[in-house]
Amino acid sequence: MVEIINLKKAFNSYIVLDDVSLSVEKGENLVVFGRSGTGKSVLLKCMVRLMEPDSGKIIIDGKDVLSLNIKELNELRKQIGFLFQSAALYDSMSVRQNLEFPLIRHFNFTPEEREQKVISVLEKVSLVEAIDKMPSELSGGMKKRIGLARSIITEPKLMLYDEPTTGLDPITSKEISYLILELQKSLNMTSVVVTHDLLCAEIIADRAIVLNEGKVQYQGSIPELTSSNDPFLKNFFSHEFIKENNQVN
Amino acid sequence: MNKKTSTSAYLNSIENRLNEFFTMIAGLWIFSVQFFRYVFVPPYEVYEIRKHMNELGIKTLPIVSVTGFIIGLVLAMQTQPVLARFGAEAYLPGSVGISIVRELGPVITALIFAGRVSSGIGAELGSMRVTEQIDAMEVSAVDPFKYLVVTRIFACTFILPILTVYVIFIALTGAYIAVVLVQNMTIEYYTNAVLYSVEFGDAIPGVAKTFVFGYIVGLVGSYKGYTATNGTEGVGRASTTAVVVSSLMILIFDMILVKITLWLWPTF
Ligand SMILES: Nc1ncnc2c1ncn2[C@@H]1O[C@H](COP(=O)(O)OP(=O)(O)OP(=O)(O)O)[C@@H](O)[C@H]1O
Ligand SMILES: [Mg+2]
């Protein structure tokens, strides 16, 4: 589904992604770990061309993303959902309008069908009561969930999640993780999930990679990574995450 | 040594400013070209345009009403004694009317509109940019330029002339009130005198140029907001520089358009 080859992205002379290669199978959930500032968000943005990489190749659904023209790119983007780290809700629109925004423009639903869809995704993120609120009336975690609802409402084939559970309480966070898993099962959705939340990763990940110094330095299943004897991984998984059973010394 | 570094720092800052200036000119040009490329391409966001026109009208109506009224009033109060000195009070309605219709009405309305609206657009789009809302729109395969920028420029272009016509009437009313305070003049006489001296040929170029002014306000505000960087600080800068740049551009284009009008129709 996704194939990234030798991707490179620098801001002026500051190299963020040096040489990133990875691939994601159709229907697979890939979790991306990495310390803050290693370029995880940049990687996701390059995949939908919100940022132009300096070199490398990105293939999504058989299409060479970097060589598409704007029309082809928009066709592809309709198949991709993107959850922003900051949720990025349209703050001049109510929750309902936020959710309807992509539906009105890309599908020929009747108003009743649209309403149906809006309610059903809101149920998934358990926020039906917020339907007529404005984004400024929502808490940070609620915004995140509405942002998630907005990006899955079009039932994209590929979802890119930038920290879907950060800022959520443990229970909601777990619910969201199971939602991601359910989307994978029911719609055969492929997902790339950037997260610092090990619990979430354990629930959803088929495979995980760790970005460091602009490269994919490690990859494997979650148990493989967490039980590794590699000093970096040991350090990473003992300090980056708060787990009941790890003793910080 | 110290002096030298400060000189070179000074030169450097001039260079940066020049750079910024030319980047802006190029940017405005590109935005203009984009606007005309997109404005005729469906889907037309009619709902958005109507919403913006309503908002802009409601937002600026109170302030332009007050300003228009006072400008008309003061202009007549100032002109009256001058004309009285030459025993030419009868020309008061005509001379005040011509100033208001040809120049003061359009330019004052445009400048107030610029202060109120281009800063608003700059801040609105700027905050959408720095909070990734514009990016979100882009990845949802909706062209943010068309949805956010084209609709705003369009709304500004067509709402300002309407406001201007309204302000001209308000200002003429203000002027009438100033006149009756010092001399006897019926409203019929005043209206006739204004209509007699203000020709259609005065009103057309006066109002026509406000289409250009409205376009400038929408264009500059959108450009500054859409290209904002550096977080909230950038949003503030976008909004203030939008006012400065659009006001200046209005005055410059006013000069150019008046010159062109006089050149095309020398009788005016
Ligand atoms: N628009 C930009 N201009 C310049 N530098 C940028 C830009 N966006 C990101 N960077 C730089 O790229 C690096 C990676 O940023 P990114 O947001 O991808 O980090 P991240 O891995 O997502 O971190 P976090 O876990 O904190 O979200 C950072 O050092 C940042 O300074
Ligand atoms: Mg990030």
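Residue numbers restart at each chain and count upward from 1, following the sequence in its written direction. Numbering of ligands from 1 and lettering of chains from A proceed in the order in which they are written. In keeping with the model being predicted, local features are shown solely for residues with a pLDDT of at least 70 and side-chain atom pairs are shown and tallied solely at 80 or more, while totals for entire chains, interfaces and linings include all residues. Neither water nor hydrogens contribute to the side-chain values; these are computed over all heavy atoms in the structure.

Before going further, it helps to examine the environment of Ala130(A). Residue and element names in this part refer to chain A. Every helix listed is a DSSP run of H or I at least four residues long, and every strand listed is a run of E at least two residues long, numbered separately from the N terminus. The topology assignment puts Ala-130 in the loop between helix 4 (111-124) and helix 5 (140-152). Per-residue accessibility, obtained with a 1.4 Å probe over protein chains only, is compared with the maximum for each type, and a residue is labelled buried under 20%, exposed over 50%, and partly exposed between these values. Overall, Ala-130 belongs to the buried group, its relative accessible area being 0%. Considered as a pair, Ala-130 and Met-142 are 12 residues apart in the sequence and their alpha carbons are 8.8 Å apart. Not counting chain neighbours up to four residues away, the residues in contact with Ala-130 comprise Val-95 and Leu-138. In what follows, a contact means two residues having at least one pair of non-hydrogen atoms within 4.5 Å.

Glancing now at the interface of chain B and chain A. Contact residues are listed per partner, giving 14 residues for chain B and 19 residues for chain A. Roughly 1500 Å² of surface becomes buried between chain B and chain A when both sides are summed, with 55% attributable to carbon and sulfur atoms. Considering only the surface of chain B that becomes buried against chain A, Glu132(B), Gln133(B) and Val139(B) emerge as the three largest contributors, covering 36% of it. Salt bridge, as used here: a side-chain nitrogen of Lys or Arg that lies within 4 Å of a carboxyl oxygen of Asp or Glu. Between chain B and chain A we count 3 salt bridges in total. With a shortest N-O distance of 3.1 Å, Glu45(B) and Arg105(A) are connected by a salt bridge. By buried area we mean the combined loss of accessible area, with a 1.4 Å probe, across both parts when two parts are placed together.

The next subject is the coordination of the magnesium ion (ligand 2). Bound to the magnesium ion (ligand 2) on the protein side are Ser41(A) (OG) and Gln85(A) (OE1), at distances that span 1.9 to 2.2 Å. Within this pair, whereas Ser41(A) is found in helix 1 (residues 40-47), its partner Gln85(A) is found in the loop between strand 6 (80-83) and helix 3 (95-106), the two being separated by 44 residues in sequence. Sites may look incomplete, because water is not among the atoms used; the donor set itself consists of N, O and S atoms within 2.8 Å of the metal (3.2 Å for Na, K and Ca).

With that out of the way, let us pick up helix 7 (residues 200-226) of chain B. Within an α-helix, residues lying three or four positions from one another point in the same direction, as the helix has 3.6 residues per turn. With 27 residues, helix 7 of chain B extends 39 Å from end C-alpha to end C-alpha; this agrees with the ideal 39 Å at 1.5 Å per step. Counted residue by residue, helix 7 of chain B has 20 buried out of 27 residues, so it is predominantly covered. One less than the residue count of a helix, multiplied by 1.5 Å, gives the span that helix is expected to have.

Take the side chain of Thr109(B) next. Relative to the helices and strands, Thr109(B) is located in helix 3 (residues 92-130). Excluding anything up to four places from it in sequence, Thr109(B) contacts Val64(B), Leu104(B), Leu160(B), Leu163(B), Thr164(B) and Val167(B).

Residue and element names in this part refer to chain A. Not every one of the 15 residues close to ligand 1 is listed here, only the nearest: Ser-36, Gly-37, Lys-40, Ser-41 and Gln-85. Pairs of N or O atoms within 3.5 Å make up the polar contacts considered here, provided that, within protein, one atom can donate a hydrogen while the other can accept it, and that residues adjacent in sequence are counted only when both atoms are side-chain atoms. For ligand 1, an oxygen atom lies 3.3 Å from a polar atom in the backbone of Thr-38. Here Ser-41 contributes a side-chain N or O atom positioned 2.7 Å from an oxygen atom of ligand 1. Surface accessibility in these figures is a Shrake-Rupley result with a 1.4 Å probe; residues are shielded only by whichever protein chains are displayed. For ligand 1, whose accessible area on its own is 640 Å², the fraction buried by protein is 63%. The leading source of residues in the shell around ligand 1 is helix 1, at 3 residues. Gly is placed with the polar residues, together with every amino acid not listed as nonpolar (Ala, Val, Leu, Ile, Met, Phe, Trp, Tyr, Cys and Pro) or charged (Asp, Glu, Lys and Arg). Its residues assigned to classes, the shell around ligand 1 shows 5 nonpolar, 7 polar and 3 charged. When at least one non-hydrogen atom of a residue lies within 4 Å of a molecule or strand, that residue is treated as near it.

Moving on, we come to the confidence of the model for chain B. All names here are of chain B. The share of residues in chain B with pLDDT of 70 or more is 97%, and the mean pLDDT across the chain is 88. Mean pLDDT values for the elements of chain B range from 80 in helix 6 (residues 187-197) up to 94 in helix 4 (residues 133-139). Reported confidences for the modelled complex are a pTM of 0.86 and an ipTM of 0.87. For every residue, the predictor reports its confidence as pLDDT, a number between 0 and 100.

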